[in-house]
Amino acid sequence: MRTIYIDSDFKCHVDADEVMMSVDTDLFDDKCKAYIEGHRFVPYGYQWMREDGAIFYGEMVAPWKKYSELNEAQRVYEHEQYLSSLEKDTQYMDAYNEGVQEA
Amino acid sequence: MANEYMVYAEDVTLVADAIREKSGNTQQLIWPDGFVSAIGDFTGSGDSIVLNVVGGTTQPSNPSKNTVWVNTSTAITGWCFSKDEPSPITNGMVWFYTVPNSPLAIDILEENSIYLYPLYAKQYVNGAWTVMETKIYQDGAWSDLSVRLYYYGYEKTELTGGFSRTWRNGIGSKTFTKNADNLYLKSSGSEMGGSNFTVGTAYKIDLTGYSTLNARIKCTTMTSSNFYISVHESTNDVEPYTPSCHTSKSTVYEGILSLDISSVSGEYYVLLGVSGSNINNRCECYVYEVYLQ
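Owing to the predicted nature of the structure, the values given are computational and were not obtained by experimental measurement.

Colleague: Outline the overall build of chain B, listing residues and values.
Modeller: Across its full length, chain B holds three helices and 23 strands. Looking at the 293 residues of chain B, the share that counts as buried comes to 33%. Of all intrachain contacts in chain B linking residues separated by at least 6 positions in sequence, the fraction that spans at least 24 positions is 63%.

Next up, the structure:
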């Protein structure tokens with residue numbers, strides 16, 4: 001669960017300003033900033049009108065940037081997270097082995 | 001005294017020749033009764049095509065039967081009803097994609113019947129086909145021509161493969177039933193926790209050019225749950241809980257659920273799901289239509 005912020009057009013933000021609404025949701029758990037901020041979040045009880053006049057009612061979470069690009073950004077982020085995790089594991093093992101040798 | 005006219009003999013012969021060519025008779029025709037009689041003997045199908053395709057951004061206010069209105073700001077330069085992409089193509093052309101059977105049928109003859117089954121309409125604008133909002137006026141009312149993935153028991157299986165791919169999570173009970181005129185989803189939590197249940201199309205669907213995913217639903221029970229529609233690109237083993245691209249209801253509801261997919265292009269699964277997080281979750285929902293605009 002994390003807190004995101006939505007502006008007057010229901011676009012998501014990771015950081016808040018003075019006027020944004022805060023929303024607690026688990027929909028964006030483990031998602032990168034680019035992915036989150038490419039979405040629109042319309043909470044229950046609210047509605048949003050698209051440029052062509054179509055009205056959408058909350059709860060709705062939908063991309064306003066190209067969805068394929070958001071998914072790609074998320075894949076890159078997850079890969080980076082994986083590499084970072086691997087590096088940490090290596091460091092931990094090195095430290096452990098060093099400790100064992102000293103002992 | 002009746003009006004009198006002079007005509008050239010060869011002109012009268014021209015008319016008689018035309019009548020004989022049409023009738024197939026070679027006999028001499030006597031003016032005027034013979035001419036009148038011969039014309040009266042002409043036979044045809046006794047029927048005519050009733051179909052009027054119009055474009056524009058304002059829906060016609062006084063339409064005739066079988067008026068097909070395409071909501072477009074690009075002038076329609078031609079149109080066809082076909083299962084195959086028309087050729088040659090001109091900018092502004094409208095292609096009504098037809099199938100052997102669909103919920104919306106157009107009887108295009110005045111007295112007899114020829115049925116067309118359009119599934120959707122696309123217009124060729126600036127080098128690309130785009131699905132257009134289209135309505136057809138029949139029996140005193142407008143019908144929306146949308147791409148129906150599911151319609152009161154009718155499944156567009158050649159496009160979707162049917163709603164048959166399922167994901168289940170949680171210990172509670174889950175039910176998915178294809179009734180005669182609806183899809184039925186039900187989930188219940190248990191002492192072990194809530195349950196999530198998703199059913200999706202067997203095939204990915206190309207959503208390019210569509211702006212909205214809709215479902216006509218009736219949620220009769222909704223406790224600590226929500227019902228959602230969604231699009232999802234992957235069928236990997238990670239079960240989609242409530243996917244990030246979705247719209248949902250968390251209360252008893254009857255009506256249309258609409259998801260903005262105007263920024264979604266490419267191939268995606270269309271999903272229906274119920275999600276409950278605790279022992280108390282109860283959700284029953286009937287889905288009558290799923291369609292794209």
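Back to the text.
Colleague: Run through the interface of chain B and chain A, naming residues and quoting values.
Modeller: Facing 18 residues of chain B, the contacting portion of chain A comprises 18 residues. Sorting the residues of the side of chain B that touches chain A by element identifies strand 20 (246-249) and strand 21 (253-260) of chain B as the ones contributing at least two each. Across the side of chain B that touches chain A, the residue classes tally to four nonpolar, 12 polar and two charged. Pairing analysis gives two bridges linking strand 7 (residues 60-63) of chain A to strand 20 of chain B, with the strands arranged antiparallel. In the strand pairing of strand 20 of chain B, Val61(A) is matched with His246(B).

Colleague: Any details on helix 2 (residues 67-102) of chain A? Residues and values, ideally.
Modeller: The end-to-end C-alpha distance of helix 2 of chain A is 52 Å, a good match for the 52 Å that 36 residues give at a rise of 1.5 Å each. Burial within helix 2 of chain A is sparse, with just two of its 36 residues counted as buried.

Colleague: Which residues make up the sheet that holds strand 3 (residues 21-25) of chain A, and what are the values?
Modeller: All names here are of chain A. Spatial ordering of the open sheet is given by 2-1-3, a layout of three strands whose pairing is antiparallel. What marks the edges here is a single partner per strand, and that holds for strand 2 (12-13) and strand 3. In the sheet, strand 1 (residues 2-6) pairs with strand 3 via five bridges, with the strands oriented antiparallel. By the bridge assignment, Arg 2 is partnered in strand 3 with Thr 25.

Colleague: Would you mind going over the packing of helix 1 (residues 9-23) of chain B against helix 2 (residues 33-40) of chain B in detail, with residue names and values included?
Modeller: Residues and elements named next belong to chain B. Viewed as axis vectors pointing N to C, helix 1 and helix 2 meet at an angle of 30°, and their least axial separation amounts to 10 Å. By the angle between their directions, the pair helix 1 and helix 2 is classed as roughly parallel. In this structure, helix 1 crosses over helix 2, and the sense of that crossing is left-handed. Listed contacts from helix 2 to Ala 16, Ile 19 and Ser 23 of helix 1 are Phe 35, Ala 38 and Ile 39.

Colleague: So what about the sheet that holds strand 8 (residues 128-131) of chain B? Which residues, and what values?
Modeller: All names here are of chain B. The mixed open sheet is built from four strands, whose spatial order is 3-4-7-8. The open sheet is flanked by strand 3 (78-82) and strand 8, the only strands paired with a single partner. Averaged over all pairs of adjacent strands, the angle between strand axes in this sheet comes to 25°, irrespective of strand direction.

Calculation notes
Residues take numbers from 1 onward in each chain, read along the sequence in its written order. Going through the entries in the order they are written, you letter the chains from A and number the ligands from 1. Totals for whole chains, interfaces and linings use every residue, but because this is a predicted model, local features are given only for residues with pLDDT of at least 70 and side-chain atom pairs only at 80 or more, for both listing and counting. Helix and strand assignments come from DSSP, with helices taken as H or I runs of at least 4 residues and strands as E runs of at least 2, each series counted from the N terminus. Burial is judged by counting other C-beta atoms within 10 Å of a residue's own C-beta: 20 or more means buried, 12 or fewer means exposed, and anything between counts as partly exposed, with every C-beta placed from the backbone. Whether two residues are in contact is decided by their C-beta atoms, placed from the backbone, lying within 7 Å. Throughout, the ten residues Ala, Val, Leu, Ile, Met, Phe, Trp, Tyr, Cys and Pro are labelled nonpolar, Asp, Glu, Lys and Arg are labelled charged, and all others, Gly among them, are labelled polar. In this analysis, strands are considered paired if DSSP registers two or more bridges between them. Helix span is expected to be 1.5 Å times the residue number reduced by one. Here the axes come from fitting lines to C-alpha atoms, over the contacting stretch only for helices, and the angles between their N-to-C directions go from 0 to 180 degrees. Oblique is the label for every angle not falling under 35 degrees (roughly parallel), over 145 degrees (roughly antiparallel), or within 65 to 115 degrees (roughly perpendicular). Crossing handedness: left-handed means the near helix sits turned counterclockwise from the far one by under a right angle, and right-handed means the same turn made clockwise.

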